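Okay, here's what each chain looks like letter by letter:
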Amino acid sequence: MDMLTQWLGWLPNLAPGLVVSLQLTGLALLIGFPLGLLFAVMAAAKLAPLQWISFLFVEVGRGLPALVLLYLLYFSLPDAGITLTSLTTAIIALSWNAGAYASEYFRAGLAAVPLGQKEAALTSGLSGWTGFRIVILPQALRISTPPLAGLAVLVFQASALAFVIAVPELMSKSFEIASISFEYLSVYMLTAVIYGSITLVFLGLVRVLERRLSRHLQRN
Amino acid sequence: MELLPAIAQGVGLTLYVTGSALLYGGIIGLVLVGAARSPFAIIRGIATLYINVVRVIPPITWLFLIYFGLPQYALRLSTIQAAIIGFSIIASAFMAEIYRSGLLSIPEGQREAAHALGLGTITTVGHIITPQAFRVALPSIATYGIGLLKDSALASTIGVREITYYAQQSARQTHEGLLSFITAGALYIVISLIIAVVARRTDLVLRKKIGVA
């Protein structure tokens, strides 16, 4: 019971941190996913330079540990004369990371649309771009949605890394409270409960989404 | 140019933490997957609960909980011990899921065939099911191992002197932030590539030896 009263006392201090965590996650997804789609399309482009840019973006974003990517931007942008807040730096790093993984899912989604669809669109007199936009893309997006939703959950968990560059998100707030109160175990357990329960809610939504999106496949 | 040797000092501990966590996590994962298939609902429930609880908490929160939280109960851990315990717990849940999908891929007929040949349950599991399931699971284990290698960078936050720790140190000392972390990143990528190549080779060898129907 003692722990519960402690927890209730800390919640008002942690809540703003959680809001920052959610904002960070939301922005990283909002920027990262479209970038991922762009780089997936670029990977399939006929122009070699476009392929190379896409390759570099995806391989750096996926190959480096998210923490290293975060430090890399944090320590290098000021050297390049760009002064950004730690929150903006974290948004860029997480968007890059999320975009790199998303691009692989988009690529798989695009590859899963049967070639006949493209041929049919062309035969129907649609131009390449219109055919892509109204025939191929919607089907690819439907296929990529479940893994992307799963990725969104991982991005939320990765947002805790922004702690290392002092973004005032949930993990930083917990660290602050722990260093003042010395109640490390209790504070971090509460933090784990908050991250865990929000992740569970996300995962529940993902499952509902998956069921809805696969409804058209259950014909028998 | 002094950056590379300075940061490469961390490779040993990066590999040690990742390897230990994969080993211990792999063993606990075996127990978990066994428990998840137990005939007792309570044991199944506990295993499922463990797997889910572990996976919904961010790794950095796990590390802080273990490194800063446990000493309150007089359980003093070194940074390396805390990191290995934390990552082993995390790995165990993911490894259990990987084993489970490996086991699911083995057709029921294999078990029936082994049974019909008069093999006991232990022999069947040890000689028929496990080798095939392992063959199927190996690529996923390698992929997870590479993910874990990258996650191990987090151990720097509790002071384990691995690659990222030294990169941070040289960034601070030399003011070559960009170069330090590019070097660290390159080290991670090289190690990942080596793991990927070894796993692919092993997979090819196993594929020839152990066919999966």
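As the structure is a computational prediction, the values presented were derived from the model and not from experiment.

Colleague: Please explain the side chain of A:Asn97 as it appears in this structure.
Modeller: In this structure, A:Asn97 sits in helix H4 (residues 86-112). Excluding residues that lie within four positions of it along the chain, A:Asn97 makes contacts with A:Gly61, A:Ala66 and A:Leu69.

Colleague: Looking at this structure, how should I read the nonpolar core?
Modeller: Among soluble globular proteins, nonpolar side chains are generally buried collectively. A:Met171, B:Trp62, B:Phe64, B:Phe87 and B:Ile158 are the most contacted members of the largest nonpolar core, which has 106 residues in total. Look past the residues within four positions of B:Phe64 in its chain and what remains in contact with it is A:Phe163, A:Met171, A:Phe175, A:Tyr188, B:Gly69, B:Thr157 and B:Ile158.

Colleague: What is the right way to look at the confidence of the model for chain A in this model?
Modeller: Regions with low pLDDT should not have their predicted coordinates read in detail. Mean pLDDT over chain A works out to 91, with 97% of the residues at or above the 70 mark. Within chain A, H4(A) carries the highest mean pLDDT (95), whereas helix H5 (residues 115-123) of chain A carries the lowest (90).

Colleague: I keep staring at helix H2 (residues 48-63) of chain A and nothing clicks. Help me out?
Modeller: Each α-helix turn comprises 3.6 residues. Residues three or four places apart therefore point the same way. Taking 1.5 Å as the rise per residue, H2(A) with 16 residues should run 22 Å; its terminal C-alpha atoms sit 21 Å apart, in good agreement. Listed in full, the buried residues belonging to H2(A) are A:Ser54, A:Phe57, A:Val58, A:Gly61 and A:Gly63. Its buried side turned inward, H2(A) meets helix H1 (2-43), helix H3 (66-76) and H4 of chain A together with helix H7 (121-151) and helix H9 (177-209) of chain B.

Colleague: Just checking my understanding: could you explain the interface of chain B and chain A for this structure?
Modeller: Accessible area lost upon the coming together of the parts serves often as the stated size of an interface. On the side of chain A, 33 residues touch chain B, which itself brings 30 residues to the contact. The junction of chain B with chain A conceals about 2700 Å² of combined surface from both sides, 78% of it contributed by carbon and sulfur atoms. Applying the counting rule to chain B against chain A returns zero salt bridges. For the pair chain B and chain A, the number of links is six residue pairs in polar contact (both at pLDDT 80 or more). Of all elements in the fold, only helix H3 (41-56), helix H4 (59-69), helix H8 (163-174) and H9 of chain B reach the threshold of two or more residues within the side of chain B that touches chain A. Along the lines of polarity and charge, the residues of the side of chain B that touches chain A split into 18 nonpolar, 10 polar and two charged.

Colleague: Can you walk me through the environment of A:Ala120 in this structure?
Modeller: Residue and element names in this part refer to chain A. One can find Ala120 in helix H5. Since its relative accessible area comes to 39%, Ala120 is described here as partly exposed. Residues Ala120 and Leu213, 93 residues apart in the sequence, show an inter-C-alpha distance of 24 Å.

Colleague: How should I be thinking about the pattern of salt bridges in this particular structure?
Modeller: Pairing is possible between side chains that carry opposite charge, provided their charged atoms lie close to one another. Applying the stated criterion to the full structure yields seven salt bridges over all chains. A:Glu104 is the salt-bridge partner of A:Arg107, the closest N and O atoms lying 2.7 Å from each other. Here A:Glu104 and A:Arg107 lie together in helix H4, a separation of three residues that amounts to about one turn. Its salt-bridge partner being B:Glu97, residue B:Arg100 comes within 3.5 Å of it at the nearest N-O pair. Here B:Arg100 and its partner B:Glu97 are both found in helix H5 (residues 79-104), three residues apart, which amounts to about one turn of the helix. Residue class for B:Arg100 comes out partly exposed when judged on its relative accessible area of 40%. Within this structure, A:Glu59, A:Arg62, A:Glu104 and A:Arg107 form a network of salt bridges that share partners.

Colleague: I keep staring at the packing of helix H7 (residues 170-181) of chain A against helix H8 (residues 184-213) of chain A and nothing clicks. Help me out?
Modeller: Packed helix pairs are specified by the crossing angle of their axes together with the interaxial distance, meaning the distance between the axes. Residue and element names in this part refer to chain A. For the pair H7 and H8, the least separation of the axes is 8 Å and the interaxial angle reads 160°. In terms of orientation, H7 and H8 fall into the roughly antiparallel class. Where H7 crosses over H8, the two elements pack in a sense that is right-handed. For the pair H7 and H8, the contacting residues are Leu170, Met171, Ser174, Phe175, Ile177, Ala178, Ser179 and Ser181 in the first and Tyr184, Val187, Tyr188, Thr191, Ile194 and Tyr195 in the second.

Each value, and the rule that gives it
- Residues numbered from 1 in each chain as written.
- Chains lettered and ligands numbered in written order.
- Predicted model: local features only at pLDDT ≥ 70, side-chain atom pairs only at ≥ 80, totals over all residues.
- Heavy atoms only, no water.
- Helix = DSSP H or I, 4+ residues; strand = E, 2+ residues; numbered from the N terminus.
- Contact = heavy atoms within 4.5 Å.
- Core = buried A, V, L, I, M, F, W, Y, C linked by side-chain atoms within 4.5 Å.
- Buried < 20%, exposed > 50% of the residue type's maximum accessible area, 1.4 Å probe, protein only.
- pLDDT = per-residue confidence, 0-100.
- Expected span 1.5 Å × (residues − 1).
- Buried area = accessible area lost by both parts, 1.4 Å probe.
- Salt bridge = Lys/Arg side-chain N within 4 Å of Asp/Glu carboxyl O.
- Polar contact = N/O pair within 3.5 Å; in protein donor to acceptor, adjacent residues only side chain to side chain.
- Nonpolar A, V, L, I, M, F, W, Y, C, P; charged D, E, K, R; others polar.
- Axes fitted to C-alpha atoms, helices over the stretch in contact; angles between N-to-C directions.
- Parallel < 35°, antiparallel > 145°, perpendicular 65-115°, else oblique.
- Left-handed = near helix turned anticlockwise from the far one by under 90°.

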